[in-house]
Amino acid sequence: MSLGVLVDELLILVVAHFDRAQEVAHLGQACRRLHHFVETEGWKIFARARFPALTLTTTATVGWAALSESLTWQSRCWDRRGLAFMRLPLARFQAYQASHRASRPFHAVVDAHLRLDSGQELVAWGAGGDVVARSRQTASRSGSSKADWARFDGTSAGYQAGPDDVVSLKIVEAPFAGADGLGLVAGRASGNISMLSILPGGNMKAVATFAPLPRDEDRPARGKQGKLYSLDVSARNRLLVASTAYDVVLYALPQEKAAEMLPSASLDMDNRHFQADFRPHCAKWMGDGDLLAVATAHPARAISFTRATPSGFSALMPAAKNADLEARFPSGGSRHVYAHSIQPLDKPSSTGGIGSLLLSAWRDGTIRLQDVRTSSDYDMVYQDNINTLARYGSLLPRGESFVAAGLEDATIKIFDFRWTKHYYHTESLACGHEEPFPRAYQPFLPRRDARQGGDYPCAYYGEGLRAPCHWHKLSRRLYFRPNCSFYLTKSLTYPGASSPNVWSLAKSADVAPNFYIGITGGVVEASLRSATDGSVDPAVASVDPHFGFTNKPYPGKGLLPRSGSQVEFLDAPLLETGDGLAAPDNHRNIRLPALRQLDYTWTKDLWLPRNRLDQAYQMEID
Ligand SMILES: [Zn+2]
């Protein structure tokens, strides 16, 4: 029977089960009617069915077919660990050090924003008292990614290095603020919050301010923010929430220039609620609604939630506890959360828990995923199987994985949520009898699991194959999909910053092929690359076909580029680390796996296209 005779409703079901983009493309070649169906519906169904954990939107220039192409490309790179790390130009940092004679380098707090319609990306970070921003276009749109730089000079604006350092930065839509319609809300350690806008030519100026709470007779310390721990923005509700010394304060985002925004509501975080010290605390929006997660250093109130509307906050409720997890991981260090680390998940992989799942890092080295309202099947505890005591200050969810980075060094760890996975790039490769290679490193998963069960019928029997193929079946197994760590610390050490830490992580959009890492004294971009074109050199490796950026140096205009404006690729040795699921006996000693170095001396004919890892990380022993 030809698929061309099926009604659309049945075609939708067929396409929703396609594992490979190839199948969608082939369907579209069958006849004119199917071509029309694939163009209008097919690619949309495919993208949504295979990538349910991502927020997907299309534009006039990037439709569903192009989006599917990018997402499958990204998934393949991500799973093969094809990531290149680049340090953004240091010129700004050096200038800051020289002019402020700062005794310590700044802690970069970074945020990023991608306009899908124009392909314009903005990344901005707090560099001590200054704010630095870079704007550029995706390569597919501009041919090359020329960058424009902008800078806000904190000293000229009267800010004091140290107390007025930027500790939180959020990019927000602000149609009145400059040509790009974006505002940068900068929160300073002293409690000062203002919105900056980028002017043509690369300067920035303040376009709005956020006033502290009025004085309160009962609490003389109030009336001065005193301190700021964090900011978060609800783009949909246009609300800003600030965690200050004594309160969680709510502001509406400004609608016009030169506005002074007054607090619209506040939640008292002083000792009316808490016996012991709860500072620092951190409030973040959950999803698109009015739910706000609040984490504190107080073990009795580690994670709570409240509902915030412009008229006020509901009472702070402790997050739901999961009895199973409580029993498996009894208290101790685990009662202390790193308040700054909390990250709400916008869009988990299937229904249920949407808008109430929260990821958080704890002092015992665990990272927890919990539904704050009711305990659910999503509740999970993750841990690096090798360095079990690693402590994380920054977490960044990305589809079916998340990135975690440390308070002790500049190691970037990638964890899989271990949800049901919906897209396997291996499906589009030919069948095989061999086991996936190189051999996976799994300190805790028993190897026999890798071979047990025949539950996955391979749909793509190769020539002459009559049975499910070994290779496709095993490639889907968790055993062959270990987590990994990238070690950046060594290549980031330079005078003045002998042991760089990670202070923030940010992505510009769910469909972006890159993310940013705010480190001590600078910012590193991590970008998906595929070294399939004959070179492991990240500067010539292929990038995302629709959302990628080229690696050309930045001869762009603006204030920043002088000497040292070249992008610098970092050495990032890779270590595979196991399934990443916390086990109570995870403290026992284990054998260390091989550390994979980037090796530029490889010749192309030695590479193995079916290797689990990108060419850049392949080794001779594979
Ligand atoms: Zn197969």
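Residue positions are given per chain, counted from 1 along the sequence in the order it is written. Where totals are concerned, whole chains, interfaces and linings use all residues; where local detail is concerned, this predicted model gives features only for residues with pLDDT of at least 70, and gives and counts side-chain atom pairs only at 80 or more.

S.K.: For the overall build of the protein chain, give the residues involved together with the corresponding values.
M.R.: Helix and strand labels come from DSSP, where a helix needs a run of H or I of at least four residues and a strand needs a run of E of at least two; each type is numbered from the N terminus. Scanning the protein chain for helices and strands turns up ten helices and 32 strands. Exposure criterion: with C-beta atoms placed from backbone coordinates, a residue whose C-beta has 20 or more other C-beta atoms within 10 Å is buried, one with 12 or fewer is exposed, and one in between is partly exposed. Looking at the 622 residues of the protein chain, the share that counts as buried comes to 48%.

S.K.: Give me the lowdown on helix H2 (residues 21-28), citing residues and values where you can.
M.R.: Where H2 is concerned, the buried positions are Ala21, Val24 and Leu27. All buried residues of H2 fall inside an arc of 125 degrees around its axis, so they share one side. Here the buried face of H2 lies against helix H1 (8-16), helix H3 (32-50) and helix H4 (64-79). Our arc is simply the arc of the directions from the helix axis toward the C-beta atoms. Any residue pair is listed as a contact if its two C-beta atoms, each placed from the backbone, are within 7 Å.

S.K.: So what's going on with the sheet that holds strand E10 (residues 228-234)? Residues and values would help.
M.R.: Taken in spatial order, the four strands of this open sheet run E10-E11-E12-E14, and their pairing is antiparallel. Lying at the two open borders of the sheet, with one neighbouring strand each, are E10 and strand E14 (265-268). Between one strand axis and the next, the sheet turns by 15 degrees as a mean value, whatever way the strands run. Note on pairing: DSSP must find at least two bridges between two strands before they are called paired. Examined bridge by bridge, E10 and strand E11 (residues 239-244) share six bridges and lie antiparallel to one another. Residue pairing for E11: serine 230 is matched across the bridge by serine 243. Only the stretch in contact is used when a helix axis is fitted, and all axes are lines through C-alpha atoms; the angle between N-to-C directions ranges over 0 to 180 degrees.

S.K.: Just give me the short version of the sheet that holds strand E9 (residues 204-210), but keep the residues and values in it.
M.R.: Spatial ordering of the open sheet is given by E6-E7-E8-E9-E13, a layout of five strands whose pairing is mixed. The outermost strands of the open sheet, each flanked by one partner alone, are strand E6 (166-173) and strand E13 (259-261). For this sheet, the mean inter-axis angle between neighbouring strands, taken without regard to orientation, is 30 degrees. Across four bridges, the pairing between strand E7 (residues 182-188) and strand E8 (residues 193-198) is antiparallel. In the strand pairing of E8, valine 185 is matched with methionine 195.

S.K.: Go over the pairing of strand E16 (residues 291-296), please, and point to the residues and values.
M.R.: Counting buried positions along E16 yields six of six residues, so the element is predominantly enclosed. Judged by which residues are buried, E16 turns out to be covered on both faces: Leu291, Ala293 and Ala295 on one side and Leu292, Val294 and Thr296 on the other are all buried. Bridging between strand E15 (residues 281-285) and E16 involves five bridges; their strand directions are antiparallel. Within E16, the position partnered with lysine 284 by the bridge is alanine 293. Once E15 ends, the chain turns through five residues before running back antiparallel as E16, passing glycine 287 with a positive phi of about 60 degrees. Of the pairings in the sheet, the one linking E16 to strand E17 (residues 303-309) comprises five bridges and is antiparallel in character. Counted as the bridge partner of valine 294 is serine 304 from E17. Linking E16 to E17, which pair antiparallel, is a turn of six residues.

S.K.: Quick rundown of the packing of H3 against H4? Include the residues and the values.
M.R.: Where H3 contacts H4, the two axes come as close as 8 Å, and the packing angle between them is 30 degrees. Comparing their axes, H4 and H3 come out roughly parallel. Here the hand of the crossing between H3 and H4 comes out left-handed. Facing H3, whose interface residues are Glu39, Trp43, Lys44, Phe46 and Ala47, H4 presents Trp64, Ala65, Leu67, Ser68 and Leu71. In this classification, the charged set is Asp, Glu, Lys and Arg, the nonpolar set is Ala, Val, Leu, Ile, Met, Phe, Trp, Tyr, Cys and Pro, and all remaining amino acids, among them Gly, are polar. Partitioned by chemical class, the residues of the contact of H3 with H4 number seven nonpolar, one polar and two charged. Small angles under 35 degrees read as roughly parallel and large ones over 145 as roughly antiparallel, with 65 to 115 read as roughly perpendicular and the rest as oblique. Crossings are sorted by hand: turned counterclockwise from the far helix by less than a right angle, the near helix makes the crossing left-handed, and turned clockwise it makes it right-handed.

S.K.: Go over the confidence of the model for the protein chain, please, and point to the residues and values.
M.R.: pLDDT measures the predictor's confidence residue by residue and takes values from 0 up to 100. Considering every residue of the protein chain, the mean pLDDT works out to 84; 82% of them sit at 70 or more. Low pLDDT (under 50) marks residues 450-456, which in the prediction has eight contacts with non-local residues, meaning those over four places away or in another chain. Within the model, pLDDT remains below 50 along residues 553-565, and this stretch shows 38 contacts once partners closer than five positions in the same chain are excluded.

S.K.: Hey, could you go over H3 for me, with residue numbers and the actual values?
M.R.: Its 19 residues give H3 an end-to-end C-alpha distance of 25 Å, which sits within 8% of 27 Å, the value for a rise of 1.5 Å per residue. Along H3, the sharpest kink reaches roughly 55 degrees, centred on valine 38. When we look at burial in H3, the residues that qualify are Phe37, Val38, Gly42, Trp43, Lys44, Ile45, Phe46, Ala47 and Arg50. Packing partners of the buried residues in H3 comprise H1, H2 and H4. A helix is expected to reach a length of 1.5 Å times the quantity of its residues less one. The angle separating two fitted axes, one through the seven residues that finish at a residue and one through the seven that start at it, defines the bend at that residue.

S.K.: Explain the nonpolar core residue by residue, including any values.
M.R.: By our criterion, buried Ala, Val, Leu, Ile, Met, Phe, Trp, Tyr and Cys residues that link up through C-beta atoms within 7 Å make up a nonpolar core. In terms of nonpolar packing, the biggest core is built from 132 residues, with Val131 and Ala293 touching the most fellow members. Not counting chain neighbours up to four residues away, the residues in contact with valine 131 comprise Ala124, Gly126, Phe152, Val166, Leu169, Leu184, Ala186, Leu196 and Met204.

S.K.: Tell me about the environment of serine 542, and name the residues and values.
M.R.: You can see serine 542 is positioned in the loop between strand E30 (522-528) and strand E31 (568-569). For serine 542 and serine 530, which are twelve residues apart along the polypeptide, the C-alpha to C-alpha distance reads 5.3 Å.

S.K.: Can you tell me about unusual backbone geometry, naming the residues and giving the values?
M.R.: In this structure, proline 438 follows phenylalanine 437 across a cis peptide bond, with omega equal to -5 degrees. Structurally, proline 438 is set in the loop between strand E26 (411-416) and helix H8 (448-451). In this structure, arginine 418 takes a positive phi of about 65 degrees despite not being glycine.

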